[in-house]
Amino acid sequence: MDLLKNEIKLMFKSKLIMLLILVSCVAVTIGINSLNMSNDFDLFYIRRSSSTIAFGAVKFGASISALLFGLFTVLTLDKDKRKRSKEIIGSNIDYHKLMIIRILAIVFYEVIATIIGMMVVITIQKFVFSIPVNIFYYLFNYWIIFFPSLLFSTLIVSGLYLLIDSLDISFITLGVLFVKSLTSNNYLFTWVQTNLDIISDFAGIQPVGKTIIYNRLLWIFISVLIFGVGLLFKRRYEFHLKESFFINVKSRALIILVVIAVFGSGFTYIKEPYTMELIRNMENNIDENISLTGLRPEIVFDNEKGEMYGRVLYDFINKGSDSIIFSTNEGLNINSIKVNGEEIEYNRTKGEVEVFIPNMKEIEIIISYGGKVKTDKNGVGRGMPGYISKDSIYLLENSNWIFRPLVKEGDSINISGYYSAPEYLTVVVPGRLIGTEIEGQLKKWIFEYNSHTADIGAFAGRYGKHEISFENMNIEFYYSPRHKEYVQNMKIEEYIKDMMKYYIENIGDYYSDIYPLKIAEVALYKRGGHSSENVITISENMLNRDKNMYSLIEDENTQYRGMDIDVFMSDLSLIAHEIAHQWWGTGVKVVEDSPWSSEGLAQYFSYKYIQSEFGDMESSLFLSRWESRVRELNNYYYLNNSEMLDKINEKYRKSLEMEKLQSELYYLMPIKLLKGEEVLGEKEFLKGIEKVYKNYLYKDLTYEEFLKEMNLSEEAIEFE
């Protein structure tokens, strides 16, 4: 302890450590506004709270401080070598022990930097922004994200230096690991920060908090392993690596530490419990001999445990198949499967289960299962399609929380059932709510509807429900009461009315006079919006911006300019896009054949709404971005040279192909539609669209049929 105290005093006297702590404090202070310094429209002007301030500060601060403390560590360890005092010190004290003491002294100052940085940001929040402090977010962010980042940096660079015995190479290697961490899509590899962009004000940290903690557990093992290996190969008595190893390996404690770290890191990585590879492009595996005609889900949510229990009944018409394959979620364990009332055996592989069926026309399958929903391996924090937490439920169809049969969907699928959740949550069910029942501390939400798709979701939160009356329509708007002030000041409900009015006037009536349109706010852990049947979700950023946005619409003569207006327009455009899907995707089933898609039609109509509401100046910004993106992708070398595409890294090739597909669906197709409008004239084009919608309501619509109905050719709407 005396030696440790002495090292702490020596570092303090050097003044360098105090400068390092000061820089860390400056970094976390700058980080308070880091969201507005990014290129991410979704995060601009997000309303400040303890969650956003604390997280933004540590995310930005950790990226600076971890690198600086890593540099300070390697300079400290190399100090005696540079001053050629290593042998002199080694003659008076165990130099091996001194190195460890110095590392502990650095860790001491990392603790000090964390405490001071946290207090600085708390003070700014309380006295500068006058925002109440939620200490939980500070404790979590600073002691689970910030401090471990500094600790890992120190342990990793110490291990590298002890192994390599070179200041330059050690720091360069740390820099490579640092950059890899910042750019990795796999949340397990992000040791510097996390791959989370923001902590949700709507759902809190619980949906992703467990993944952050798991990431930290993994890197405790990895950093200790690197440090332990460095100690094993630390130079002794001017020996080389091999001779030094045989001396160091005599330490049983060190061997045990390395063995535990090896097995701990390997086991933690292999047994990662929260994510899975979601199966995509399922359309290629559809069994056309079987049709789904009925679906009855009975689901109970245990939000405290983050679990669900389901009993789902499927009705099929079989025309010659002997088995049905279901896409499943790996976190959900099957309890039993019954076919026509009898329990049967089945084959389950990764992400799928094969159920064998008799040679009968009518097949009824009941699957009982339960567990914790796993999310997309590459989507943690940015594109989570499914989670269950204490304050929120967000389950999209593509998370396979209801096992999805890979069969043809019938013309009309009868769907009915219920979701049971804690009474304090409001559940947004698909179709029509038939009624609710209280069962203990749970509330059962019973629903039914007919659909041409079995893709259904489940959404719940501590919502306030707001009814929007529009002509003969009923619109249900669900959002957090915390965001009520923004919604009212920015007149979001009025804009929703205007969108509906524009679409009804220019496309046709809403597809159903039975099912209400439901719009639900969801957490930022799934960006953007989503539309399925009569339920639309929009991420909280569109309803939770900073108060300085209010002034934008106080004066009807306000000229729309500036970044804040671009953000607001982007929000409205996205809401308009998702609402347009109620016509194109739900009302008319658009048979996708890139670039033809419901996405292109929704983009086109969201553009037309913005143009109608705000004029050409604002809408032209969207068009110029689309054209720029399409031209940019058209100039990509590998996309223009398909023979070279197979020669590049598979992961990079898939990302390019996905970029190309998204560009065609979201940017190229609306440009083509605008070209068609230019050819026919706006009035005639919209009249043709109205005719198409009326003729194909509840039917499939192909690209060829659309062009024929509109009296257009592919050549006429080509974009160059």
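Residues numbered from 1 in each chain as written. Predicted model: local features only at pLDDT ≥ 70, side-chain atom pairs only at ≥ 80, totals over all residues. Heavy atoms only, no water.

### Details of the overall build of the protein chain
Check the secondary structure of the protein chain and you find 20 helices and 25 strands. Taken over the C-alpha trace, the protein chain has a radius of gyration of 29 Å; the compact-globule value for 720 residues is 27 Å, and the two agree within 12%. C-alpha extents for the protein chain along the principal axes are approximately 95 × 70 × 60 Å. Counting every position in the protein chain, which comprises 720 residues, the buried fraction comes to 54%. Sequence separation of 24 or more characterises 73% of the internal contacts of the protein chain that already satisfy a separation of 6 or more. Of the roughly 32,300 Å² of accessible surface on the protein chain, a fraction of 54% belongs to carbon and sulfur atoms. The positive charge centre, built from 76 side chains, and the negative charge centre, built from 92, are 11 Å apart in the protein chain. (Helix = DSSP H or I, 4+ residues; strand = E, 2+ residues; numbered from the N terminus. Rg over C-alpha atoms; globule rule 2.2 N^0.38 Å. Buried < 20%, exposed > 50% of the residue type's maximum accessible area, 1.4 Å probe, protein only. Contact = heavy atoms within 4.5 Å. Areas by Shrake-Rupley, 256 points an atom, 1.4 Å probe, with all protein chains shown as cover. Lys, Arg positive; Asp, Glu negative; His and termini not counted. Charge placed at Lys NZ, Arg CZ, Asp CG, Glu CD.)

### Thoughts on the pattern of salt bridges
On inspection of all chains with the given rule, the structure shows 24 salt bridges. Salt bridges here are not isolated pairs; linked through shared partners, they connect Asp40, Asp42, Asp197 and Arg527. (Salt bridge = Lys/Arg side-chain N within 4 Å of Asp/Glu carboxyl O.)

### Things to note about the packing of helix H19 (residues 682-696) against helix H20 (residues 703-710)
Close contact between H19 and H20 brings their axes to 9 Å; oriented N to C, the two are set at 130 degrees. In terms of orientation, H19 and H20 fall into the oblique class. Helix-helix and strand crossings are classified by hand; for H19 and H20 the assignment is right-handed. Facing Phe685, Gly688, Ile689, Lys691, Val692, Asn695 and Tyr696 of H19, the residues of H20 in contact are Glu705, Phe706, Glu709 and Met710. Taken together, the residues that form the contact of H19 with H20 break down as six nonpolar, two polar and three charged. (Axes fitted to C-alpha atoms, helices over the stretch in contact; angles between N-to-C directions. Parallel < 35°, antiparallel > 145°, perpendicular 65-115°, else oblique. Left-handed = near helix turned anticlockwise from the far one by under 90°. Nonpolar A, V, L, I, M, F, W, Y, C, P; charged D, E, K, R; others polar.)

### Observations regarding the sheet that holds strand E3 (residues 307-318)
If you walk across this open sheet you meet the eight strands as E6-E5-E9-E3-E2-E14-E17-E16, and the pairing is mixed. Two strands in the sheet have a free side with no partner beyond their single neighbour: strand E6 (342-343) and strand E16 (432-439). (Pairing = 2+ DSSP bridges.)

### Side note on the confidence of the model for the protein chain
Put simply, the protein chain has an average pLDDT of 90, and 94% of its residues get 70 or more. When the elements of the protein chain are averaged for pLDDT, helix H4 (residues 86-90) gives the smallest value, 51, and strand E15 (residues 426-428) the largest, 98. (pLDDT = per-residue confidence, 0-100.)

### Description of helix H12 (residues 492-506)
Between its first and last C-alpha atoms H12 spans 21 Å; for 15 residues at 1.5 Å apiece the expected length is 21 Å, and the two agree. Count one or two residues on from H12 and you reach Gly508, which has phi positive near 150 degrees. (Expected span 1.5 Å × (residues − 1).)

### With respect to the pairing of strand E17 (residues 442-451)
With 10 bridges connecting them, strand E14 (residues 407-422) and E17 associate as antiparallel partners. Directly across from Asn414, in E17, lies its bridge partner Asn450. Inspection of the sheet shows E16 paired to E17 by seven bridges, in the antiparallel sense. Looking at the pairing, Glu439 lines up with Leu442 of E17.

### Focus on the side chain of Thr268
Take Thr268: it is sitting in helix H10 (residues 252-270). For Thr268, a relative accessible area of 5% puts it in the buried group. At a separation of 2.6 Å, a polar atom in the side chain of Thr268 contacts the main-chain carbonyl oxygen of Gly264. Those residues in contact with Thr268 that lie beyond four places of it in its chain are Tyr214, Leu217, Leu218 and Phe221. (Polar contact = N/O pair within 3.5 Å; in protein donor to acceptor, adjacent residues only side chain to side chain.)

### Concerning the environment of Asn414
By the element assignment, Asn414 lies in strand E14. By relative accessible area, which is 38% here, Asn414 ends up partly exposed. As for Asn414 and Leu292, which are separated by 122 residues in sequence, their C-alpha atoms are 9.3 Å apart. Setting aside anything within four residues of it in sequence, one finds Asn414 in contact with Thr293, Gly294, Leu295, Tyr449 and Asn450.

### Observations concerning the sheet that holds strand E21 (residues 517-522)
Read from one edge of the open sheet, five strands run E19-E20-E21-E23-E22, paired in mixed fashion. Of all strands in the sheet, those bounded by a partner on one side alone are strand E19 (464-470) and strand E22 (529-532). When strand polarity is set aside, the average angle formed by the axes of neighbouring strands in this sheet is 15 degrees. The sheet contact formed by strand E20 (residues 473-479) and E21 spans four bridges and is parallel. What sits directly across from Phe477, in E21, is Ile519. The strands touched by H12 are E19, E20 and E21; relative to E19, the strand with the most contacts, the crossing angle is about 40 degrees.

### What to know about the packing of aromatic side chains
Scanning the model with the defined rule gives 41 aromatic pairs in all. Aromatic side chains Phe245 and Phe246 sit 5.7 Å apart centroid to centroid with 65 degrees between the ring planes, which places their arrangement in the edge-to-face category. Phe245 gets classed as partly exposed once you look at its relative accessible area, which sits at 24%. Take Phe246: its relative accessible area is 47%, and that puts it in the partly exposed class. Measuring from centroid to centroid gives 5.4 Å for Tyr394 and Phe459, while their planes differ by 50 degrees, and the two rings are tilted. Of this pair, Tyr394 sits in strand E12 (residues 392-395) while Phe459 is found in strand E18 (residues 458-461), placing the two residues 65 residues apart along the sequence. Here Tyr394 and Phe459 have matching classes, each one buried. (Phe/Tyr/Trp six-rings, centres within 6.5 Å; stacked < 30°, edge-to-face > 60°.)

### As for the pairing of strand E8 (residues 352-356)
On E8, burial follows the alternation: Val353 and Val355 on one face are buried, whereas Glu352, Glu354 and Phe356 on the facing-out side are not. Sheet topology note: the strand E4 (residues 323-327)/E8 ladder contains five bridges and is antiparallel. Along E8, the bridge assignment pairs Ser323 with Phe356. The pairing of strand E7 (residues 346-349) with E8 spans four bridges and is antiparallel. Bridge pairing in E8 links Tyr346 to Val355.

### Details of the side chain of Ser573
Structurally, Ser573 can be placed in helix H13 (residues 562-580). Residue Ser573 is classed as buried on the basis of its relative accessible area of 8%.

### Structural notes on helix H15 (residues 616-634)
With 19 residues, H15 extends 26 Å from end C-alpha to end C-alpha; this agrees with the ideal 27 Å at 1.5 Å per step. When H15 is considered as a whole, its buried residues turn out to be Glu618, Ser619, Phe622, Trp626, Val630 and Leu633. Seen end-on, H15 carries its buried residues on one side only, within an arc spanning 120 degrees. (Arc of directions from axis to C-beta.)

### A few points about the environment of Thr29
Its location among the elements puts Thr29 in helix H2 (residues 16-31). For the pair Thr29 and Val120, spaced 91 residues apart in sequence, the C-alpha separation works out to 7.6 Å. Residues within four places of Thr29 in sequence aside, it is in contact with Val120 and Ile124. In terms of polar contacts, Thr29 uses its side chain to reach the backbone carbonyl oxygen of Cys25, at 2.7 Å.

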